Amino acid sequence: MMRVALDMECDECGHDQFMLPVQKKQGDQVTCVQCGKPTCHTSDLESALGAFAKHNTVPEPVLESATDTLGRMRENA
Ligand SMILES: [Zn+2]
């Protein structure tokens, strides 16, 4: 799992850091680091990140590292 800050908030506790699964066996659920609530799936996140990249408003390092991770996951899938 990899801990990342994302431009969204947990529905449950409002935290903005999430755990991303980095291996296929870890599933595809993105969970809140604070309360552990499953927030979305990596496939959802990927489309959200893709939309961010498209608009290219703020090139945040965090966003880039999350995108890199998702890219590696896709290569390893
Ligand atoms: Zn939470």
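Before any of the text, the structure's been laid out above.
All figures in this text were calculated on a predicted structure; none of them were measured in a lab.

J.: Honestly, the overall build of the protein in this entry has me stumped. Any pointers?
T.: Along its length, the protein carries 2 helices and 4 strands. Listing the helices and strands of the protein from first to last along the sequence gives β-β-β-β-α-α. Within the protein, the proportion of its 77 residues that are buried is 14%. When contacts within the protein are restricted to residue pairs at least 6 apart in sequence, those whose partners lie at least 24 apart make up 27%.

J.: Sorry if this is basic, but what is going on with the nonpolar core here?
T.: Generally speaking, a soluble globular protein has its nonpolar side chains buried in company with each other. Counting 8 residues, the largest nonpolar core is built from Leu6, Cys10, Phe18, Leu20, Val30, Cys32, Leu45 and Ala66. Contributions of two or more residues to this core are made by strand S2 (17-20) and strand S3 (29-32). Excluding anything up to four places from it in sequence, Leu6 contacts Asp16, Phe18 and Ala66.

J.: Help me understand the sheet that holds S3, please; the structure alone is not making it clear to me.
T.: Within a sheet, neighbouring strands are paired by backbone hydrogen bonds and run either parallel or antiparallel to one another. Spatially, 4 strands are ordered S1-S2-S3-S4 in an open sheet, and the strand pairing comes out antiparallel. Bordering the open sheet on either side are strand S1 (2-5) and strand S4 (38-41), each of which pairs with just one other strand. With strand direction ignored, the average angle separating the axes of adjacent strands in the sheet is 30°.

J.: Which parts of the structure should I look at to understand the pairing of S3?
T.: Looking down a regular strand, the side chains alternate between one sheet face and the other. By the alternation rule, side chains of S3 split into Val30 and Cys32, which are all buried, and Gln29 and Thr31, of which none is buried. In terms of strand pairing, S2 meets S3 through 2 bridges, oriented antiparallel. When the sheet's bridge partners are listed, Met19 is paired in S3 with Thr31. Examined bridge by bridge, S3 and S4 share 3 bridges and lie antiparallel to one another.

J.: What's the story with the environment of Met73 in this structure? I'm lost.
T.: By the secondary structure assignment, Met73 is in helix H2 (residues 61-76). Judged by the 18 C-beta atoms lying within 10 Å of it, Met73 falls in the partly exposed class. The spacing of Met73 and Val22 is 51 residues in sequence and 6.4 Å in space, taken between C-alpha atoms. With residues up to four places along the chain from it excluded, the contact list for Met73 reads Val22 and Thr42.

J.: Is there a simple way to think about the environment of Thr31 in this case?
T.: Within the secondary structure, Thr31 is located in strand S3. Along the sequence, Thr31 and Phe18 sit 13 residues apart, while their C-alpha atoms lie 5.5 Å from each other. If we skip the residues at most four places from it in the chain, Thr31 touches Phe18, Met19, Gly36, Lys37, Pro38 and Thr39.

The rules we used
Residues numbered from 1 in each chain as written. Predicted model: local features only at pLDDT ≥ 70, side-chain atom pairs only at ≥ 80, totals over all residues. Helix = DSSP H or I, 4+ residues; strand = E, 2+ residues; numbered from the N terminus. Buried ≥ 20, exposed ≤ 12 C-beta atoms within 10 Å, placed from the backbone. Contact = placed C-beta atoms within 7 Å. Core = buried A, V, L, I, M, F, W, Y, C linked by C-beta atoms within 7 Å. Pairing = 2+ DSSP bridges. Axes fitted to C-alpha atoms, helices over the stretch in contact; angles between N-to-C directions.

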